[in-house]
Amino acid sequence: MFNTNTSNISTNVYGLSQKTRALSHITAEADVNRFLVGTTALREENEIALLEAKEGEGVRCISIFQHPKEIHSITSCPFDSSLFFSVYNTSGGGSNNNNSSNNTNNNDNNNNNTNNDFKSSLWRINESMDSIEQLFELKGHTGIIKPILCDPSGTNNFIISLDDSNIRLWSNIDDQNEPTVIKQFGNLSKLSVGSINPNISNQLATANDVNIKGWDFRNAKETFSMDKAHSEQIRDIDFNPNKPYYLLSAGDDCKLKIWDTRQTRDPVKIFSGHNHWIWSAKFNRYHDQLIITSSSDNTVKLWNLYSLSSAFNSENNISNSNDQQSSNEQQQQQPPQQPQQPQQPVKQKKNKRNEDQLIKTYEEHEDSVYNISWSSSNFLFASLSYDGRFVVNNVPKEYSDILSYI
């Protein structure tokens, strides 16, 4: 392990000595910004770092946990900060993770790699926060297991797991009993990622190759689909946390797309800006007009999606109500006037904060940025690149100041 923050000077960067790709925000701790970061060394012992970020104070390491085999994903449980799932490759030979911007022979495009033996387990961090204990393994998967999905409402009622072709719904999760599979469905090709809708009960979206499908996971019925949603493989999807029918998607065609799941023929918005694969894309949970994306072009981008956000609807409703009230008052108070000559309309100055656009590109990374995550704070987010660099950043002040009052 090495830490770039060895002095008393606060820094937004923390470095791990091994390659990394797994990052998870600990959502159960709402008052602090804590993250789990996992390494993906092929032949060395791997580890998980528990990191904390404080605005103005930088990043510090709270603890390091030893973990067997290379870690591909981590999912912190929203109902208990001491519990998390990891997906790891036990084959020993490992997968080809040397995925710099110039390397297009990526292992994740090859779901039939016989050298891979993926497993997923639930772990508990002990009270002294110096070690982890394996509680149970989610058995029965074949191929590459994707990041485990927990109930976004924060309960332990169920989890969902995906591998290359199948989706599994598991019974309630606790640290005493192993869960059982309630339902298995899908039978798809090249499943890559999933997202649970926090606004509509039992709704799941999955991406397989270039397609997106919606499911009612309690009865395993398909509810919507976007065939050929992207021209190349989809790497990430995420539901809007506040508007139930909006879903984002991103992938190897370098496009960020927004979809209305009620009208799936065409995306309602497309953003372009990355010049290589987009690995991760996430809505801000508090201000859904903010989206972050990360890419193997070594950058993180922050986007403003104002026109399709809940803030846009709220502000329009308030504005319309105020306009109507003002008009009624003027009609009541003012006496009839003689007709006047029409005046030229006044050209209003545009407010850039109310435009759909790229806000900022962050360039602290020197390798492919595999993972990003928002934090417990409204405007702080973390990114993780393959070379072991963990970076925290903030939404620019001119945006965060105005959004704090919305």
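Bear in mind that the values here come from a model prediction, so they are computed numbers and not experimental data.

Student: Lay out the nonpolar core with the relevant residues and their values.
Tutor: By size, the foremost hydrophobic cluster in this structure holds 15 residues, and its most contacted members are Phe85, Leu122, Phe136, Leu138, Ile148, Ile159 and Ile173. For this core, the secondary-structure elements that each account for two or more residues are strand S7 (83-89) and strand S8 (118-125). Broken down by element, the residue count for this core peaks at three residues, all from S7.

Student: Could you give an account of the sheet that holds strand S9 (residues 132-137), naming the residues involved and the relevant values?
Tutor: Ordered by their spatial adjacency, four strands build an open sheet running S6-S7-S8-S9, and the pairing between neighbours is antiparallel. With partners counted over all chains shown, the strands left at the sheet margins are strand S6 (70-76) and S9, one partner each. In this sheet, neighbouring strand axes are inclined to one another by 35° on average, regardless of whether the strands run parallel or antiparallel. The pairing of S7 with S8 spans seven bridges and is antiparallel.

Student: Describe unusual backbone geometry, and please don't skip the residues or the numbers.
Tutor: Negative phi values dominate among residues other than glycine, just as trans dominates among peptide bonds. Even without being a glycine, asparagine 202 presents a positive backbone phi close to 65°. Mapped onto the elements of the fold, asparagine 202 is located in the loop between strand S14 (191-196) and strand S15 (203-208). Residue classification places asparagine 202 among the partly exposed positions, given a relative accessible area of 28%. Phi angles above zero are rare outside glycine, and alanine 220 is one such case at about 60°.

Student: Residues and numbers for the environment of valine 392, please.
Tutor: Checked against the element boundaries, valine 392 lands in strand S28 (residues 389-394). Measuring from C-alpha to C-alpha, the distance between valine 392 and asparagine 12 comes to 5.2 Å, with 380 residues separating the pair along the chain. With residues up to four places along the chain from it excluded, the contact list for valine 392 reads Asn12, Ala53, Val59, Leu380, Phe381 and Ala382.

Student: An account of the pairing of strand S19 (residues 246-251) is requested, with residue identities and associated values reported.
Tutor: The two faces of a sheet get side chains in turn, since along a regular strand they alternate between them. Among the six residues of S19, six are classified as buried, and the element is accordingly described as predominantly covered. With burial as the criterion, each face of S19 is covered, one bearing Tyr246, Leu248 and Ala250 and the other bearing Leu247, Ser249 and Gly251. Judged from the five bridges that link them, strand S18 (residues 234-239) and S19 form a sheet pairing that is antiparallel. Across the sheet, the residue bridging to isoleucine 237 is serine 249, located in S19. Two successive antiparallel strands, S18 and S19, enclose a turn made up of six residues. In terms of strand pairing, S19 meets strand S20 (residues 255-260) through five bridges, oriented antiparallel. Paired with leucine 247 across the strands is tryptophan 259, a residue of S20. Once S19 ends, the chain turns through three residues before running back antiparallel as S20, passing cysteine 254 with a positive phi of about 70°.

What counts and how
- Residues numbered from 1 in each chain as written.
- Predicted model: local features only at pLDDT ≥ 70, side-chain atom pairs only at ≥ 80, totals over all residues.
- Heavy atoms only, no water.
- Core = buried A, V, L, I, M, F, W, Y, C linked by side-chain atoms within 4.5 Å.
- Buried < 20%, exposed > 50% of the residue type's maximum accessible area, 1.4 Å probe, protein only.
- Helix = DSSP H or I, 4+ residues; strand = E, 2+ residues; numbered from the N terminus.
- Pairing = 2+ DSSP bridges.
- Axes fitted to C-alpha atoms, helices over the stretch in contact; angles between N-to-C directions.
- Contact = heavy atoms within 4.5 Å.

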